[in-house]
Amino acid sequence: MKGMLLGVAYGASVGGTATLMGSPPNLVMSGLINTYYGEKAGVNFTFWVAFSLPCAFIMLFITWAWLQYQFLGWRTLCGCCVKGRDTADAMVEGLIRDEYVKMGKTTFAQIEMVLAFVVLILLWFTRSITYSIGWGTWFTFESKQYTSDATAAIIVAIFLFTLPNKPLTFLGCRPQTAEEPLHPRKALLDWNTVQRKLPWSIVFLMGGGFAMAKGVSESGLADWLGERLQSLDRLPPGVFVLVICAIVSLLTEVASNTAVANIILPLMPNLAKVIGVSPLFLMFPATIASSFSFMLPVATPPNAIVFGTGHLAVMDMVKSGIWMNIVGVSILTLFVNTYGVWVFGLRSYPDWADVSQSVTP
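Within every chain, residues take consecutive numbers counted from 1 along the sequence as written. Side-chain atom pairs in this predicted model are given and counted only at pLDDT of 80 or more, local residue features only at pLDDT of at least 70, and totals for whole chains, interfaces and linings cover all residues. In computing side-chain properties, one takes all heavy atoms of the structure into account and sets aside hydrogens as well as water.

### Digging into the overall build of the protein chain
Along the backbone of the protein chain there are 15 helices and two strands. The cut-offs for exposure are 20% and 50% of the maximum accessible area for each residue type, with area from a 1.4 Å probe on protein chains only; residues under the lower value are buried, those over the upper are exposed, and the others partly exposed. Residue burial in the protein chain is summarised as follows: out of 361 residues, 39% are buried. Whether two residues are in contact is decided by their heavy atoms: any pair within 4.5 Å suffices. For the protein chain, restricting intrachain contacts to residue pairs at least 6 apart in sequence, the fraction spanning at least 24 positions comes to 73%. Surface accessibility in these figures is a Shrake-Rupley result with a 1.4 Å probe; residues are shielded only by whichever protein chains are displayed. Counting only carbon and sulfur atoms, one obtains 70% of the accessible surface of the protein chain, whose full area is about 20,000 Å². Secondary structure counts use DSSP, requiring at least four H or I residues in a row for a helix and at least two E residues in a row for a strand, with both numbered from the N terminus.

### Thoughts on helix H3 (residues 45-72)
To estimate how far a helix should extend, the number of its residues minus one is multiplied by 1.5 Å. Taking 1.5 Å per residue as the helical rise, H3 with its 28 residues ought to reach 40 Å, and the 37 Å between its terminal C-alpha atoms agrees with that figure. Fitting axes to the seven residues that end at a residue and to the seven that start at it, the angle between those axes gives the bend at that residue. Along H3, the largest kink reaches about 40° and is centred on serine 52; proline proline 54 follows within four residues of it. One or two steps after H3, the chain reaches glycine 73, where phi turns positive at roughly 95°.

### A look at the packing of aromatic side chains
Whether two aromatic rings pair depends on their centres lying within 6.5 Å, for rings of Phe, Tyr and Trp, where Trp uses its six-membered ring; planes under 30 degrees apart make the pair stacked, over 60 edge-to-face, and the rest tilted. Under the criterion given, the structure shown has 18 aromatic pairs. Seen from their ring centres, tryptophan 135 and phenylalanine 139 are 6.4 Å apart, and the 85° between their planes marks the pair as edge-to-face. With a relative accessible area of 45%, phenylalanine 139 lands in the partly exposed category. The structure contains a cluster of three or more aromatic residues connected by ring pairs, namely Phe47, Trp48, Phe51, Phe284, Phe335, Tyr339 and Phe344.

### A look at the confidence of the model for the protein chain
Of all residues in the protein chain, 84% attain a pLDDT of 70 or more, and the chain-wide mean is 81. Confidence drops under pLDDT 50 across residues 356-361; counting only partners more than four residues distant or on other chains, this segment forms 18 contacts. For every residue, the predictor assigns a confidence score, pLDDT, that lies between 0 and 100.

### Side note on helix H6 (residues 149-162)
If you check H6, its first and last C-alpha atoms are 21 Å apart, about what 14 residues at 1.5 Å a residue would give, namely 20 Å. Of the residues making up H6, those classed as buried are Asp149, Ala152, Val156 and Leu160. Seen from one end, H6 has its buried residues packed into an arc of 80°, which puts them on one side. Along H6, the residues that are exposed and aim more than 90 degrees away from the buried face are Ile154 and Thr162. The elements touched by buried residues of H6 are H3 and helix H5 (108-127). The reported arc concerns the directions from the helix axis to the C-beta atoms and nothing else.

### Points about the pattern of salt bridges
Between Lys or Arg on one side and Asp or Glu on the other, a salt bridge is scored when a side-chain nitrogen of the former is within 4 Å of a carboxyl oxygen of the latter. Taken as a whole and judged by the stated rule, the model has three salt bridges. Two residues, lysine 2 and aspartate 316, come together in a salt bridge whose shortest N-O distance is 3.1 Å. Linking lysine 2 in helix H1 (residues 2-15) with aspartate 316 in helix H15 (residues 314-344), this pair joins segments that are 314 residues apart in sequence. Lysine 2 gets classed as partly exposed once you look at its relative accessible area, which sits at 34%. One salt bridge in this structure joins lysine 102 and glutamate 99, with 3.6 Å as the shortest N-O distance. Remark: glutamate 99 and lysine 102 occur in helix H4 (residues 85-103); sequence separation between them is three residues, near one turn of the helix.

### Side note on the nonpolar core
Residues Leu265, Leu280 and Leu282 are the most contacted members of the largest nonpolar core, which totals 72 residues. Here this core gets nine residues from one element, more than from any other, and that element is H3. When sequence neighbours within four positions are dropped, the list of residues in contact with leucine 280 reads Met29, Ile33, Ala41, Val43, Phe47, Pro285, Leu346 and Trp352. To qualify as a nonpolar core, a set must consist of buried Ala, Val, Leu, Ile, Met, Phe, Trp, Tyr and Cys residues joined through side-chain atoms within 4.5 Å.

### Comments concerning the packing of helix H12 (residues 268-275) against helix H13 (residues 279-289)
Lines fitted to C-alpha atoms define the axes here, with helix axes fitted over just the stretch in contact, and angles between the N-to-C directions of these axes take values from 0 to 180 degrees. The geometry of H12 relative to H13 is characterised by a closest axis approach of 8 Å and an angle of 135° between their N-to-C directions. On the basis of the axis angle, H12 is oblique to H13. At the point where H12 passes H13, the crossing takes the right-handed sense. Taken together, the residues of H13 that come into contact with H12 (itself represented by Met268, Pro269, Leu271, Ala272 and Ile275) are Pro279, Leu282 and Met283. Three classes are used, and their members are as follows: Ala, Val, Leu, Ile, Met, Phe, Trp, Tyr, Cys and Pro are nonpolar, Asp, Glu, Lys and Arg are charged, and the others, Gly among them, are polar. Here the residues of the contact of H12 with H13 sort into eight nonpolar, no polar and no charged. Oblique is the label for every angle not falling under 35 degrees (roughly parallel), over 145 degrees (roughly antiparallel), or within 65 to 115 degrees (roughly perpendicular). Each crossing is labelled by how the near helix is turned from the far one, with a counterclockwise turn of less than a right angle marking it left-handed and a clockwise turn marking it right-handed.

### Examining the side chain of threonine 300
Mapped onto the fold, threonine 300 is located in the loop between H13 and helix H14 (301-307). Between N or O atoms, a polar contact is any pair within 3.5 Å; within protein, one atom must be a potential hydrogen donor and the other a potential acceptor, and residues adjacent in sequence are included only when both atoms are from side chains. A polar contact is formed between the side chain of threonine 300 and the side chain of serine 13, at a distance of 3.5 Å. Discounting residues that sit within four places of it in the chain, threonine 300 has contacts with Ser13, Asn257, Ser290, Ser291 and Ser293.

### A few points about the packing of helix H10 (residues 237-252) against H15
Close contact between H10 and H15 brings their axes to 9 Å; oriented N to C, the two are set at 145°. Here the hand of the crossing between H10 and H15 comes out right-handed. On H15, the residues that touch Pro237, Gly238, Val241, Leu242, Cys245, Ala246 and Ser249 of H10 are Asn325, Val329, Leu332, Thr333 and Asn337. Of the residues that constitute the contact of H10 with H15, the class distribution is seven nonpolar, five polar and no charged.

Encoded structure:
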């Protein structure tokens with residue numbers, strides 16, 4: 001039970017780093033990049049998946065192997081030498097089958113939601129395949145694109161407010177077997193549901209973070225810190241990334257990962273300028289590291305949720321999470337300094353970063 005609960009929590013945290021919409025810190029970084037540098041930085045849904053998905057897969061495999069070893073032993077890693085395996089598999093299969101039957105048949109509304117999700121993913125991937133290719137270029141004026149990943153989300157959300165939750169009956173015609181009386185169809189989504197279910201606290205927290213970033217820049221604090229940290233350019237960039245990832249991971253253990261991202265990320269562009277690397281070379285690992293905190297219940301929302309079940313003690317999470325933190329920071333540092341440098345060229349300072357000499361929005 002403990003291994004499964006920790007697997008759910010760790011899987012949610014690691015999986016959330018794979019896409020731009022996966023966790024709030026990702027959106028914080030995207031918003032800051034667009035505020036500082038605009039669309040020329042190229043940080044969109046497609047770019048994020050191309051960069052983060054391989055790292056997420058590696059971490060998910062390591063997470064599975066570690067939990068499997070810790071709770072079931074090393075012999076189970078290859079699925080061998082497990083007594084009573086056939087009986088256990090049959091019990092699990094029966095439980096899953098019973099739960100599947102309880103779900104009932106797929107409804108019309110559920111089919112619509114699946115199609116809406118597929119359309120949203122396609123819109124995200126095809127909006128800006130490159131800076132000059134994608135449906136976002138249709139809405140360009142004077143070399144400026146007036147669309148973002150939020151545009152695709154708003155388009156799909158509008159359709160959710162208009163699509164019916166049940167099949168329409170045109171001109172009063174309906175199947176002869178229908179027993180339900182004719183009445184207006186409700187939409188898939190209504191405003192009352194949005195008011196009750198939308199996490200408004202996250203919206204205000206992210207907005208406050210953007211305001212803080214603006215204050216850091218406008219007040220001159222970012223430039224002041226950059227001057228004080230001039231000596232750090234002697235450190236190898238790889239070591240610099242390791243230090244940042246370790247600090248962010250530890251801070252997130254005792255604070256909200258969104259709050260930590262809002263505090264740390266606005267400082268990264270000036271630090272990148274000091275050491276002569278791409279701002280993404282520091283901002284990407286700092287953002288992902290804010291989700292690589294596995295030790296304490298308050299570190300991430302998934303940790304808090306599984307701890308709330310009552311089946312886990314704090315020490316259970318610490319024993320498993322401390323090694324996950326170490327491995328996660330190590331893998332992330334290695335990943336950025338290899339894949340990030342070879343494929344995306346993050347070790348050099350890019351031309352688009354010079355658009356804002358003092359990193360001022």
